[in-house]
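A look at the structure
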Amino acid sequence: MNLISIPAFQDNYIWVLSDDEKRCIIVDPGESAPVLHAINENGWIPEAILLTHHHNDHVGGVSDLVAKFPHIAIYGPAETQNKGTTQVVKEGETIHIRQWDFSVIATPGHTSGHLCFYSKPYLFCGDTLFSGGCGRLFEGAPEQMYQSLQKINALPDDTVICCAHEYTLGNMKFSASILPDDSAIQDYYQKVKELRAKNQKTLPVILKNERKINLFLRTDDIDLINKINQETNLQQPEARFAWLRSKKDNFR
């Protein structure tokens, strides 16, 4: 099984899983041109498309792909029904595509119907979790996103996190501003700066490592709690998450 990331727009990644027979699954094709180019270059035969949510930078290429491959199956949440989805899926269901089994995980927050797809060890998490960060709350409440991240955080250590955006550098700059004395954050921030200076990708990432440097997965961390307590006293991790997300929204 091969995992490939296709750059799109300024900072999107479209993920592709392919097997030895060149069959492939495409995740969140926001635009079609780079996907069609990769299909032609690699000789892939598309089997299915997985959609995590309805935003155009994740679904914009679907119609062109359907025009080229009219029998392709498209799985997604109810909010993507008018974006080309042929089979609506929801929390707790399993999608069977050739040798792949994908568990469907509801992760509302970024949008109200956002889904993630997990096929061990790969998690396609759309705009729920980023390396060093998480998605903006366009439709959901902080409590929802907190619970969504808890679901992801409960997955095995070796889970390969396939985020949809190259936001790592900005996220780590923010994290370093919150906990400037955290060695794990500072070390990773330096590594990310070096990678991006060479225009190299920072994704995918491993969940075990992400737990160390992603403050949105560390809402029970004593250092973060002490930092928050300098400004306000928040007893619940959901409230600390909301504080952190608000800080990130206003960070430049």
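Look above for the structure.
As the structure is a prediction and not an experimental result, all values here were calculated from the model.

**A short note on the packing of helix α4 (residues 142-153) against helix α9 (residues 237-249)**
Their axes nearest at 9 Å, the elements α4 and α9 cross at an angle of 105 degrees. Classified by the interaxial angle, the pair formed by α4 and α9 is roughly perpendicular. On α9, the residues touching P142, E143, M145, Y146, Q147 and L149 of α4 are P237, E238, F241 and A242. Per-class residue counts for the contact of α4 with α9 are seven nonpolar, one polar and two charged.

**Concerning the sheet that holds strand β13 (residues 160-162)**
Spatially, the six strands line up as an open sheet ordered β7-β8-β9-β10-β13-β14, and their pairing is mixed. One side of each edge strand has no neighbouring strand; the edge strands of this open sheet are β7 (94-97) and β14 (205-206). Here β7 pairs with strand β8 (residues 100-106) via four bridges, running antiparallel. When the sheet's bridge partners are listed, T94 is paired in β8 with S103.

**Details of the side chain of T128**
Along the chain, T128 turns up in the loop between β10 (122-124) and β11 (129-130). Taking the relative accessible area as the measure of exposure, T128 reaches 0% and is therefore buried. Among the polar contacts made by the side chain of T128, one reaches the side chain of H114 at a distance of 3.2 Å.

**Comments concerning helix α8 (residues 222-229)**
Where α8 is concerned, the buried positions are L224, I225 and I228. In a view along the axis of α8, the buried residues occupy a sector of 100 degrees, so they form one face of it. At its buried positions, α8 is contacted by α5 (168-178) and α9. Capping the start of α8, D221 holds a side-chain oxygen 2.9 Å from the backbone nitrogen of D223, two or three residues further along.

**Points about the sheet that holds strand β5 (residues 73-76)**
An order of β1-β2-β3-β4-β5-β6 is seen for the six strands of this open sheet, with the pairing classed as mixed. Every interior strand has two partners, whereas the edge strands, β1 (2-8) and β6 (87-88), have only one. Sheet topology note: the β5/β6 ladder contains two bridges and is parallel. Counted as the bridge partner of G76 is V88 from β6. Sitting on the sheet, helix α1 (residues 33-42) touches β1, β2 (12-18), β3 (23-27) and β4 (45-50), and the angle it makes with β1 is about 140 degrees.

**Brief notes about the pairing of strand β9 (residues 115-119)**
For β9, a buried count of five out of five residues is recorded, marking the element as mostly surrounded by other parts of the structure. Because side chains alternate across β9, one face comprises the buried residues L115, F117 and S119, and the other comprises C116 and Y118, equally buried. Looking at chain direction, β8 and β9 are connected through four bridges and run antiparallel. If you follow A106 over to β9, its bridge partner there is L115.

**A few points about the nonpolar core**
Counting 58 residues, the largest nonpolar core has L50, I95, I97, F102, L123 and I161 as the members making the most contacts within it. When residues in this core are grouped by element, the largest group, five residues, is from β8. Contacts of L50, omitting those with residues within four sequence positions, involve I25, I26, V27, D28, Y75, I95, I97, F102 and F117.

Definitions and cut-offs
- Residues numbered from 1 in each chain as written.
- Predicted model: local features only at pLDDT ≥ 70, side-chain atom pairs only at ≥ 80, totals over all residues.
- Heavy atoms only, no water.
- Axes fitted to C-alpha atoms, helices over the stretch in contact; angles between N-to-C directions.
- Helix = DSSP H or I, 4+ residues; strand = E, 2+ residues; numbered from the N terminus.
- Parallel < 35°, antiparallel > 145°, perpendicular 65-115°, else oblique.
- Contact = heavy atoms within 4.5 Å.
- Nonpolar A, V, L, I, M, F, W, Y, C, P; charged D, E, K, R; others polar.
- Pairing = 2+ DSSP bridges.
- Buried < 20%, exposed > 50% of the residue type's maximum accessible area, 1.4 Å probe, protein only.
- Polar contact = N/O pair within 3.5 Å; in protein donor to acceptor, adjacent residues only side chain to side chain.
- Arc of directions from axis to C-beta.
- Core = buried A, V, L, I, M, F, W, Y, C linked by side-chain atoms within 4.5 Å.

Taken by themselves, the reported measurements are silent on function.
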